[in-house]
Amino acid sequence: MTAQIIDGKAFAAEVRAKVAEHVSALKADHGITPGLAVVLVGEDPASQVYVRSKGKQTVEAGMESFEHKLDVSTSEEDLLALVDKLNNDPAVNGILVQLPLPDHIDEEKVINAIDPAKDVDGFHISNVGLLATGQKAMVPCTPLGCLMLLRDHFGSLSGKEAVVVGRSNIVGKPMAQLLLRDSCTVTIAHSRTKDIEEVVKRADIVIAAVGRPEMVTGDWLKKGAVVIDVGINRLPPAEEGAKGKLVGDVDFASASQVAGAITPVPGGVGPMTIACLLANTLTATCRANGLPEPEGLTA
Ligand SMILES: NC(=O)C1=CN([C@@H]2O[C@H](COP(=O)(O)OP(=O)(O)OC[C@H]3O[C@@H](n4cnc5c(N)ncnc54)[C@H](OP(=O)(O)O)[C@@H]3O)[C@@H](O)[C@H]2O)C=CC1
Ligand SMILES: Nc1nc(=O)c2c([nH]1)NC[C@@H]1CN(c3ccc(C(=O)N[C@@H](CCC(=O)O)C(=O)O)cc3)C=[N+]21
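Residues numbered from 1 in each chain as written. Chains lettered and ligands numbered in written order. Predicted model: local features only at pLDDT ≥ 70, side-chain atom pairs only at ≥ 80, totals over all residues.

J.: For this particular structure, what's the right way to read the UniProt feature "binding site: NADP(+)" (unreviewed entry) in the protein chain?
T.: Mapped onto this structure's residue numbering, the UniProt feature "binding site: NADP(+)" (unreviewed entry) falls at Gly 166, Arg 167, Ser 168 and Ile 232. Take Arg 167: it is sitting in the loop between strand S5 (161–165) and helix H7 (172–181). Setting aside its immediate chain neighbours within four residues, Arg 167 contacts Gly 172, Lys 173, Ile 188 and His 190. Considering the arrangement of structural elements, one finds Ile 232 in the loop between strand S8 (226–229) and strand S9 (233–234). Given 21 C-beta atoms within a 10 Å radius, Ile 232 is considered buried. Those residues in contact with Ile 232, other than ones at most four positions away along the chain, are Leu 246, Val 265 and Gly 270. (UniProt positions renumbered as here; feature names shortened; annotations may be inferred. Helix = DSSP H or I, 4+ residues; strand = E, 2+ residues; numbered from the N terminus. Contact = placed C-beta atoms within 7 Å. Buried ≥ 20, exposed ≤ 12 C-beta atoms within 10 Å, placed from the backbone.)

J.: Help me understand the UniProt feature "domain: Tetrahydrofolate dehydrogenase/cyclohydrolase NAD(P)-binding" (unreviewed entry) in the protein chain in this model?
T.: Here, UniProt's "domain: Tetrahydrofolate dehydrogenase/cyclohydrolase NAD(P)-binding" (unreviewed entry) annotation points to residues 140–287. The span residues 140–287 is 36% helix and 16% strand, and its two end C-alpha atoms sit 17 Å from each other.

J.: Looking at this structure, I do not really get the pairing of strand S7 (residues 205–208). What am I missing?
T.: Here is the key point about a regular strand: its side chains alternate between the two faces of the sheet. Along S7, one buried face is formed by Ile 205 and Ile 207 and the opposite face, lined by Val 206 and Ala 208, is buried too. As paired elements, S5 and S7 share four bridges and run parallel to each other. Directly across from Val 164, in S7, lies its bridge partner Ile 207. (Pairing = 2+ DSSP bridges.)

J.: Just checking my understanding: could you explain the sheet that holds strand S3 (residues 64–70) for this structure?
T.: The strands that make up a sheet pair up through hydrogen bonds in the backbone, lying either parallel or antiparallel. If you trace the three strands from one edge of the open sheet to the other, you get S3-S2-S4, paired in parallel fashion. Strands at the two margins of the open sheet, each flanked by one partner only, are S3 and strand S4 (94–97). The average angle at which neighbouring strand axes cross in this sheet is 15°, direction not considered. Strand direction decides the pairing type here: strand S2 (residues 35–41) and S3, joined by seven bridges, are parallel. In the sheet register, Val 39 faces S3, and the bridge partner there is His 68. Contacts from helix H2 (residues 45–60) reach S2 and S3, with the element oriented near 165° to S2. (Axes fitted to C-alpha atoms, helices over the stretch in contact; angles between N-to-C directions.)

J.: I would appreciate a short explanation of the site of ligand 1 in the present structure.
T.: Taken together, 25 residues sit near ligand 1, with Gly 166, Ser 168, Ser 191, Gly 211 and Thr 273 positioned nearest. Ranked by the residues each element gives to the shell around ligand 1, the list is headed by helix H10 (residues 269–288), at three residues. Of the residues assigned to the shell around ligand 1, the class counts are ten nonpolar, eleven polar and four charged. (Near = placed C-beta within 6 Å. Nonpolar A, V, L, I, M, F, W, Y, C, P; charged D, E, K, R; others polar.)

J.: Got a minute to help me understand the site of ligand 2 in this structure?
T.: The environment of ligand 2 is formed by 20 residues, the closest being Tyr 50, Leu 99, Pro 266, Gly 270 and Thr 273. Counting only elements with at least two residues in the shell around ligand 2, the list comes to H2, S4, helix H6 (141–154) and H10. Split by residue class, the shell around ligand 2 holds twelve nonpolar, seven polar and one charged. Inspection of the shell around ligand 2 shows a minimum of three residues originating in each of domain 1 (30–119) and domain 2 (141–270). (Domains from an automatic or database assignment.)

J.: So what exactly am I meant to see when it comes to unusual backbone geometry here?
T.: Negative phi is the rule for most residues except glycine; trans is the rule for most peptide bonds. Residues Leu 99 and Pro 100 are joined by a peptide bond in cis, for which omega reads 0°. By the element assignment, Pro 100 lies in the loop between S4 and helix H4 (107–111). The omega angle of the peptide bond from Val 265 to Pro 266 is -5°, so this bond is cis rather than trans. Mapped onto the elements of the fold, Pro 266 is located in the loop between strand S11 (261–262) and H10. If you check the backbone angles, Ser 183 has positive phi at about 65° while not being a glycine. By secondary structure assignment, the location of Ser 183 is in the loop between H7 and strand S6 (185–189). For Ser 183, a count of 12 C-beta atoms within 10 Å gives the class exposed. Its identity is not glycine, yet Glu 214 carries a phi of approximately 55°, on the positive side. Relative to the helices and strands, Glu 214 resides in the loop between S7 and S8.

J.: Where do I start with the environment of Leu 36 in this structure?
T.: Turning to its location among the elements, Leu 36 is positioned in strand S2. Residues Leu 36 and Gly 94 lie 58 residues apart in sequence; the distance between their C-alpha atoms is 4.6 Å. For Leu 36, the contacting residues outside a window of four places in its chain are Thr 58, Met 63, Ser 65, Asn 93, Gly 94, Val 120 and Thr 281.

J.: Can you walk me through the domain arrangement of the protein chain in this structure?
T.: Interfaces are frequently sized by the accessible area removed from exposure as the parts join. As far as domains go, the protein chain holds domain 1 (30–119) and domain 2 (141–270). Here domain 1 and domain 2 have C-alpha centroids that lie 27 Å from each other.

J.: Help me understand the sheet that holds strand S1 (residues 4–5), please; the structure alone is not making it clear to me.
T.: On the basis of which strands lie adjacent, the open sheet formed by six strands has the order S1-S11-S8-S7-S5-S6 and parallel pairing. A strand with exactly one partner marks an edge of an open sheet, and here the two such strands are S1 and S6. Taken strand by strand, H6 contacts S7, S8 and S11, and its axis lies near 160° from that of S8. Contacts from H7 reach S5, S6 and S7 within the one sheet, and its direction differs from that of S6 by about 170°.

Put into structure tokens, the structure is as follows:
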């Protein structure tokens, strides 16, 4: 069997087109232009790629993009001062502080300093709590993107066995919350999970968010399982100076022989993350202005 390829790139383009449509109506009817501020501290190469494509797509959707690139030696105090300024800037509806931050900065402190209403990453403790209790939250972009792909594929997720591999605050845990909210039976696996292959083999839905290149292989999967590969790993280049290949946390070659459907890397979850960031910025703008939220763009 060869799996259906879930085209995240194409789906993300549709999401961005919907966002752009809403943005143009916001401008025409209310004179409002959503604004997204992205803060990057230091020069993590992976983060730079993400920030670049994000800025471009923000502008293409008709929104304002504010980029703040700070030196790697920026103090925590200065970063907190910038967050405070963005919290109070009415032109800024969404704030994203790119992670990871340099070691001398307390990540939790910075995330929790962001106004929860502008926290388009959904990482603030208030949004985490709102999501966990089923209340209206800002939902983290990557899990939201995965959920959109799964809902599109299955229609209803109710009663499905879902296994999330990875328990990070930014992907694994919020993903599990969203799947639970859609009435999946959810298992979270991690580095201490015993017989992880057997656990994954139960799943109708596998979400791999581990950060280990091609860890999940075809022999871990139940036949027909739907596999969402969150991993973004750059392999060492074949020759010096070349760019290494980008691979996921799933071994695509073997997994696609067993899975019913699978997301590729690149072109799967990555583009959905950025599309959902724009969707969240639009949602935040609507909420801030007491306007109805766009349909189909929130969890
Ligand atoms: N496509 C996108 O938009 C995005 C992609 N990513 C990518 O997703 C991946 C995961 O990111 P993130 O969640 O931030 O990563 P983290 O490193 O924060 O978390 C990784 C998780 O995987 C678990 N893990 C590590 N090794 C193993 C193993 N051998 N077996 C089972 N579980 C293991 C860890 O378990 P434990 O807790 O026990 O240590 C941890 O819970 C990365 O490749 C990252 O680049 C991330 C964000 C967005
Ligand atoms: N506060 C914060 N929020 C994040 O959401 C966040 C973050 N920090 N830090 C880093 C990770 C990583 N991440 C990606 C998003 C899109 C692609 C993406 O678009 N990838 C393309 C390929 C890009 C390439 O070619 O390198 C794809 O998969 O097709 C990748 C990675 C968001 N993250």
